[in-house]
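# Examination of the molecular architecture
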Amino acid sequence: MAPTEETGQAVQHPSAPGGPPPPGPPVGGPAPLPGSRMPRWLPRAMVLALVLIALFQLGSWAFHELTGLLINILIAFFLALAVEPAVSWMAARGVRRGLGTFLVFLGVLIVTAGFVTLLGSMLAGQIIKIVEDFPEYLDSVINWINTHFRTELRRVDIQEGLLRSDWLRNYVQNSATGVLDVSTQVLGGLFQLLTIGLFSFYFAADGPRLRRTICSVLPPARQAEVLRAWEIAVNKTGGYLYSRGLMALISGMAHYVLLEILEVPYAPVLAVWVGLVSQFIPTIGTYLAGALPMLIAFTVDPWYALWVLIFVVIYQQFENYVLQPKLTSKTVDIHPAVAFGSVVMGTALLGAVGALIAIPAVATLQAFLGAYVKRYDVTDDPRVHGHRGAGSGNGGPGSGERRTLADRARQFWAHRPGSPGPRREDTEDTEDTEDT
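Conventions we followed
- Residues numbered from 1 in each chain as written.
- Predicted model: local features only at pLDDT ≥ 70, side-chain atom pairs only at ≥ 80, totals over all residues.
- Heavy atoms only, no water.
- Helix = DSSP H or I, 4+ residues; strand = E, 2+ residues; numbered from the N terminus.
- Buried < 20%, exposed > 50% of the residue type's maximum accessible area, 1.4 Å probe, protein only.
- Contact = heavy atoms within 4.5 Å.
- 1 Å grid on protein atoms, 1.4 Å probe; cavity = no way out; pocket = protein on both sides within 12 Å on 5 of 7 lines; lining within 4 Å.
- Points joined across faces, edges and corners; volume = space filled by probe spheres on them.
- Nonpolar A, V, L, I, M, F, W, Y, C, P; charged D, E, K, R; others polar.
- Phe/Tyr/Trp six-rings, centres within 6.5 Å; stacked < 30°, edge-to-face > 60°.
- Core = buried A, V, L, I, M, F, W, Y, C linked by side-chain atoms within 4.5 Å.
- Axes fitted to C-alpha atoms, helices over the stretch in contact; angles between N-to-C directions.
- Parallel < 35°, antiparallel > 145°, perpendicular 65-115°, else oblique.
- Left-handed = near helix turned anticlockwise from the far one by under 90°.
- pLDDT = per-residue confidence, 0-100.

## A few points about the environment of Gln 279
Mapped onto the elements, Gln 279 comes out in helix α8 (residues 267-280). Judged by relative accessible area, Gln 279 falls into the buried class, the value being 1%. Spatially, the C-alpha atoms of Gln 279 and Ser 243 are 9.5 Å apart, while their sequence positions differ by 36 residues. Apart from residues lying up to four places away in sequence, Gln 279 is in contact with Tyr 240, Arg 244, Met 247, Ala 248, Ser 251 and Glu 319.

## Some thoughts on empty space enclosed by the protein
This model, assessed by the stated rule, comprises 2 cavities of 30 Å³ or more. What lines the largest cavity is simply Phe 77, Ala 80, Leu 81, Glu 84, Phe 203, Gly 207, Leu 210, Arg 211 and Trp 230. Elements with a minimum of two residues in the lining of the largest cavity: α2 (67-92) and α6 (207-215). It is α2 that provides the largest number of residues to the lining of the largest cavity, a total of 4 residues. Here the residues of the lining of the largest cavity are counted per class, giving 6 nonpolar, 1 polar and 2 charged.

## So, the packing of aromatic side chains
By the definition in use, this model includes 9 aromatic pairs. With a centroid separation of 6.1 Å and 85 degrees between ring planes, the pair formed by Phe 77 and Phe 78 is classed as edge-to-face. The class of Phe 78 is buried, set by a relative accessible area of 14%. When the ring of Phe 105 is compared with that of Phe 201, the centres are 6.4 Å apart and the planes differ by 70 degrees; the resulting orientation is edge-to-face. Taken together, the positions of Phe 105 in helix α3 (residues 97-149) and Phe 201 in helix α5 (residues 166-205) put the pair 96 residues apart, joining distant regions of the chain. Among the aromatic side chains, those forming a connected cluster through ring pairs are Phe 77, Phe 78, Phe 199, Phe 203 and Trp 230.

## Notes on the nonpolar core
Counting residues in hydrophobic clusters, the biggest one holds 15 residues, and the most contacted among them are Leu 119, Met 122, Leu 259, Val 264, Leu 270, Leu 292 and Val 308. For this core, the secondary-structure elements that each account for two or more residues are α3, α7 (220-261), α8, α9 (285-300) and α10 (302-328). If we skip the residues at most four places from it in the chain, Val 308 touches Leu 258, Leu 259, Leu 262, Pro 293, Met 294 and Ala 297. Grouped together as the second largest cluster of nonpolar side chains are 10 residues, Val 83, Val 87, Met 90 and Ile 196 included.

## Some remarks on unusual backbone geometry
With a phi close to 60 degrees, Glu 263 is a non-glycine residue in the positive phi region. By the secondary structure assignment, Glu 263 is in the loop between α7 and α8. Given the relative accessible area of 65%, Glu 263 is considered exposed.

## Looking at the layout of surface pockets
In this structure, the largest pocket spans a volume of roughly 2000 Å³. Forming the walls of the largest pocket are 42 residues, and the residues nearest its centre are Leu 79, Val 108, Thr 112, Leu 193 and Leu 241. Breaking the lining of the largest pocket down by element, the ones donating at least two residues are α2, α3, α5, α7, α8 and α12 (352-370). Broken down by element, the residue count for the lining of the largest pocket peaks at 10 residues, all from α3.

## Thoughts on the packing of α8 against α9
Contact geometry of α8 with α9 gives a least axis separation of 7 Å together with a crossing angle of 165 degrees. Considered as vectors, α8 and α9 are oriented roughly antiparallel to each other. At the point where α8 passes α9, the crossing takes the right-handed sense. In this structure, α8 contributes Leu 270, Trp 273, Val 274, Val 277 and Ser 278 to the contact, and α9 contributes Gly 285, Thr 286, Leu 288, Ala 289, Leu 292, Pro 293 and Ile 296. When grouped by side-chain class, the residues that make up the contact of α8 with α9 number 9 nonpolar, 3 polar and no charged.

## Some points on the confidence of the model for the protein
When pLDDT is low, close inspection of the predicted coordinates is not appropriate. The share of residues in the protein with pLDDT of 70 or more is 72%, and the mean pLDDT across the chain is 75. For the stretch residues 391-403, pLDDT sits under 50, and the model shows 5 contacts to residues farther than four places along the chain or on other chains. pLDDT under 50 marks residues 424-436. Its contacts with residues more than four places away, or in other chains, come to 4 contacts.

And the structure:
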């Protein structure tokens, strides 16, 4: 090794072929810094993290954009489950599933269209009647105000002031600009109904094929669980729908009899309205359904509206405590508190759609999980049956203190000035206590 001119350090010459390897760096030389080289896995991890973040953002955006479609598919699935028993019944008797599904949906469409048409004509007639009678109502109100407040109001002045007001002008302008929005909403609603009807038709008509497709990607044990869950969902959803339909029929007939007795116009349509709305809108459906008959009855006689309100309240109690438990005990079998909570949660998650499908969904989940929950025999304790036993108040903590306080209260009441004196039973009890 020869020293260099600049550093004065020895420079290693390459060794001859076949010779000994060159010596390593001197022992006292600088050591390499730890971590000076990037690990080989770090670039891959960074690329994988960026890909996962991009996929998450893409999935979140797609889910947000497809939320409406997913909700429509969910509604279609539950609607297909509801009509599955009728379609299967027709298929068992030789009718093709496609034709049977078409006939079921055609019947539902005809009934719905007829109901909407009758309800629309009824509302239009009542609106026309209210508009025609409005001058008389206005005159009666003006006369009452002039009589009690000694004013000189006239209907002509009120009408002119109303026609010239800025409020009416702004309202007309906003209504004119909102016609396009209403038309867009109507078209969007029709498209959603078409989407729901199409998916529900395919779910009901191709139900066996759909089940085979799902089971083909699962092991045999999982296939049995999926088929069992599907059967429970069909039974619970169909049972919920049919029990509600039967209660709607009974409710409609009861209200129809009342409206006919009171001679309220459009009694059949109002009865159908009350039956459907009261059963298929949970919790507040009965009172919401009774508002329209009360309004129509008020136009005939104000006292008739009061009779309708009383009948609605009484019938609601009869339905809650007598009719509903007997009809839904074998179909839905869900506690009223659980049903109310499920409706609240469904409304918070999916709005009105969640309120409609919450009860059958929770009933299906409860029935499916019930098979996997191990239950034990309950001990024979009076507290389990909702009442305290004969000895529950004698041996518990603080029983002696309660007995002493009770005796002191009786003694104070007996020795109170002006009292008639202690009873014989109280005296005997006191003596026994003192002896003890």
